[in-house]
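So you can see what is in the structure, the chains are spelled out below.
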Amino acid sequence: MKVTSFFLLLLGLLILTDCGESEIQLPDQVLLGQVEGQAWELKFANAYLYSSDLKYQIRFLSTRENAQDPCAVPSTSNSHISLIMPLQRGSFSIPLPITTESARFNWSDGSSAIATSGFLEIFDIDNLRVFGYLQAQLDDENTVEGSFEAVICN
């Protein structure tokens, strides 16, 4: 009886240990999708200090941008995605707890809407760069997913 109990306990520990090591497998693709019903692909992203509590606004800018340096585009009239958050590693559900800071689709006519679902994963912050993965959805015409590297500009 003791031997059976020992083996059951050992089997349970092995199962629990294996569960803790599983990782989410994310597709290896650059951030892309549709914005305003048009194909959209990330060219680069920038991050600017937004508030005194060290939150940054990250702007995900498309291949429609003419500049070659992400820090040369502090604002744009092209369609883009933005969000506001402290720069820290972690996993975050979208919309973010403070809805006005959540992932937002910004359209070329100046209007915008907050993504209704998705997630943000910040893997690393190193050498003035933020590495992560974003999935943001509003509707069938506004949905993006993929990896990104954002340059911290200030």
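Here the structure is a predicted model, which means the values were calculated and not measured.

J.: So what's going on with the pattern of salt bridges? Which residues, and what values?
T.: Under the definition given, this model contains 2 salt bridges. Here E149 makes a salt bridge to R129, at a shortest N to O gap of 3.1 Å. Remark: R129 occurs in strand β9 (residues 129–139) and E149 occurs in strand β10 (residues 142–152); sequence separation between them is 20 residues. According to the relative accessible area criterion, R129 is partly exposed, its value standing at 32%.

J.: Any chance you could break down the packing of aromatic side chains for me, citing the residues and the numbers?
T.: Scanning the entire structure with this criterion turns up 2 aromatic pairs. Seen from their ring centres, F60 and F148 are 4.9 Å apart, and the 80° between their planes marks the pair as edge-to-face. Highlighted residues: F60 in strand β3 (residues 55–62) and F148 in strand β10, separated in sequence by 88 residues. Residues F119 and Y133 carry aromatic rings whose centres are separated by 5.8 Å and whose planes lie at 15° to one another, so their mutual orientation is stacked. Note that F119 is positioned in strand β8 (residues 117–126) and Y133 in strand β9, a separation of 14 residues in sequence. Take Y133: its relative accessible area is 1%, and that puts it in the buried class.

J.: Report on the state of the cysteines, specifying residues and quantitative values.
T.: Within the structure shown, the criterion is met by 1 disulfide. Two residues, C71 and C153, share a disulfide whose sulfurs are 2.1 Å apart. Sign of the S-S torsion, about -90° for the bond between C71 and C153, identifies this disulfide as left-handed. Separated by 82 residues along the polypeptide, C71 in the loop between β3 and β4 (80–86) and C153 in the segment after β10 bring together distant segments of the chain.

J.: Could you give an account of the pairing of β4, with specific residues and numbers?
T.: Most of β4 is tucked away: 6 of the 7 residues are buried. The pairing of β3 with β4 spans 7 bridges and is antiparallel. Across the sheet, residue Q57 finds its bridge partner in β4, namely I84. Here β4 runs beside strand β6 (residues 104–106); their pairing, made up of 3 bridges, is antiparallel. Its bridge partner lying in β6, I81 is registered against F105.

What counts, and where the lines are drawn
Residues numbered from 1 in each chain as written. Predicted model: local features only at pLDDT ≥ 70, side-chain atom pairs only at ≥ 80, totals over all residues. Heavy atoms only, no water. Salt bridge = Lys/Arg side-chain N within 4 Å of Asp/Glu carboxyl O. Helix = DSSP H or I, 4+ residues; strand = E, 2+ residues; numbered from the N terminus. Buried < 20%, exposed > 50% of the residue type's maximum accessible area, 1.4 Å probe, protein only. Phe/Tyr/Trp six-rings, centres within 6.5 Å; stacked < 30°, edge-to-face > 60°. Disulfide = S-S within 2.5 Å. Pairing = 2+ DSSP bridges.

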